[in-house]
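Coordinate analysis (summary)
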Amino acid sequence: MQAHYGFAGFMGKRVHLGVCGSIAAYRALDLVRAFLDADCMVSATVTDAAARFVTPLSFEGLGASPVYTGMFDAATERESAFGHLEPGQTCEVMVIAPASANTIAKLANGLADDMLSCQALAFAGPKVVAPAMNPRMWANPVTRRNWDMLEKLGFIGVVPETGKVACGDTGTGRLAPVEEIFLAGLKALSPQDLNGKRVMVTLGPTREPWDAVRFWSNPSSGTMGACMAMAAYLRGAEVTVVAGPTALSFPSGMSVVQVQTAQQMNAACQDLWPSMDVACATAAVADFRPVLYGPDKFKKEQGDGLHVDFVPNPDILKGLGVSKQGYQRLIGFAAETRNIKSEASRKLKSKNLDLIAANDVSREGSGFGTATNQMYILDKAGRQESWPKLPKTEVAWRLWDHLLLD
Ligand code: C5P
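By convention here, each chain's residues receive numbers from 1 onward along its written sequence. Local features in this predicted model are restricted to residues of pLDDT 70 or higher, and side-chain atom pairs are both shown and tallied only at a pLDDT of 80 or more, whereas totals for entire chains, interfaces and linings draw on every residue. Side-chain metrics in this entry use all non-hydrogen atoms of the structure; hydrogen atoms and water are not considered.

Looking up the protein chain in an unreviewed UniProt entry gives the name Coenzyme A biosynthesis bifunctional protein CoaBC, with the organism given as Pseudodesulfovibrio cashew.

Printed below as a string of structure tokens:
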């Protein structure tokens, strides 16, 4: 899983996983891992059909506990005589993945003829459902009606993907990526304290072309920005990412504007900013761009005495600060190698920011391409904090906490 999905800190939260019969049942094992890595406790119910594909023992082996099977199975009975009620009493979220057409039909109609459907009926909390089935079963008007009913009833749907399915057919019915399902579960466990906020995040490097095949750039992976975007998304914000070229993927519920150059990023941000409540600038924008050699490739035979001229790029964040309205909040980042505190203070003022998060990129475990950062935080009110080295996901979570303290 990519680093920006690696949110931990859900200590003590309990997830109940329901697994139905599908060739995709084995992917539920990755879900167990993902939720355990996020510090959740995981229990599971494996339906009879699912147990034909993956054994309940595999779920136990990975750390799911308890693992329920049939209603009247001896092992399940040993755990509790009221196993069909237990997830509803102990867990904060139920995630059914993969969900078969059969189980979806039961959920939509209140049937309770096996352990999983009983547990779902007795579960009042949020229920995430991620279907997997043959495309013709998914397209069938009966399944469509059942699915619409689940949406009306407040189930959280993670729609299947389109592509080739196990039987060789092509169409919609493939289980959504594990990351998407995991994220839907985490969102259901997260405080929705950014609900209704429109948040824009710039991230990644920019790429400034010089000739037809060469460009000027930097090694930013975009991870810190992706963590900021993801944390805001989990906490209920409407998130738009303005991304330079990166290898990152984002959940389908997020808007992503892909750009290459600083000028393109600037245009996209200027365009979006008036409709945003918060902007967070984590992009490592190239401060200068080379003056274009031309539309062709510069040949190495021409290279004697080669020199490249640079011109300054717009400071995107500063531009947003100039037009910032009273209700808007602006967060900047600063990568420094010296005088962190004074540089942070200078940038906070000169760019009209509400909060700046600075880090010493010369330190090990801080900056480009790492999964951790060691931050110095300064806000407009003069509040300052030095944080220990933390995963970027944790830094992002704390920064949103900090902003909410306003
Ligand atoms: O001035 P400096 O580049 O150190 O400021 C860093 C902050 O400004 C970061 O938040 C970065 O995303 C933003 N920035 C920008 N446009 C630039 C340069 C930096 O938005 N051209």
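Things to note about the domain arrangement of the protein chain
Residue ranges assigned to each domain were obtained from an automatic or database domain assignment. Each assigned domain of the protein chain is listed here: domain 1 (3-189) and domain 2 (198-404). Taking only C-alpha atoms into account, the centre of domain 1 sits 37 Å from that of domain 2. Both faces combined, the contact of domain 1 with domain 2 buries some 1,200 Å², and carbon together with sulfur accounts for 73% of it. Each salt bridge in this description consists of a side-chain nitrogen of Lys or Arg and a carboxyl oxygen of Asp or Glu lying within 4 Å of one another. Taken together, the links from domain 1 to domain 2 amount to zero salt bridges. In protein, a polar contact requires one atom able to donate a hydrogen and another able to accept it; more generally it is a pair of N or O atoms within 3.5 Å, and residues adjacent in sequence count only if both atoms are side-chain atoms. In this structure, the connection of domain 1 to domain 2 is made through three residue pairs in polar contact (both at pLDDT 80 or more). Taken together, the residues that form the side of domain 1 that touches domain 2 break down as six nonpolar, two polar and two charged. Throughout, the accessible surface (probe 1.4 Å) given up by two parts as they are put together, summed over both, is called the buried area. Polar here means any residue other than Ala, Val, Leu, Ile, Met, Phe, Trp, Tyr, Cys and Pro, which are nonpolar, and Asp, Glu, Lys and Arg, which are charged; Gly is therefore polar.

A word on the site of the ligand
One heavy atom within 4 Å of a molecule or strand makes the whole residue count as near it. Around the ligand, the structure places 13 residues, and the nearest of them are Ala281, Ala283, Pro314, Phe333 and Lys347. Between the ligand and the protein, one listed contact pairs an oxygen atom with a backbone N or O atom of Leu317 at 2.9 Å. In the complex, 85% of the free accessible area of the ligand, which totals 450 Å², lies under the protein chains. Per-class residue counts for the shell around the ligand are seven nonpolar, two polar and four charged. Only the protein chains shown count as cover for residues, and the accessible areas themselves come from Shrake-Rupley with a 1.4 Å probe.

Regarding helix H1 (residues 27-37)
Here the term buried applies to any residue with accessible area under 20% of the maximum for its type, exposed to any over 50%, and partly exposed to those in between, with areas from a 1.4 Å probe on protein chains only. The helix count covers DSSP runs of H or I at least four residues long, the strand count covers runs of E at least two residues long, and both are numbered beginning at the N terminus. Those residues of H1 that fall on the buried side of the exposure criterion are Ala28, Leu29, Leu31, Val32, Ala34 and Phe35. What makes two residues a contact is simply this: any of their non-hydrogen atoms within 4.5 Å. Those residues of H1 hidden inside the fold are in contact with strand S1 (14-19), strand S2 (41-46), helix H3 (56-62), strand S4 (93-99) and helix H10 (178-189). Positive backbone phi, approximately 75 degrees, marks Asp39, located one or two places after H1.

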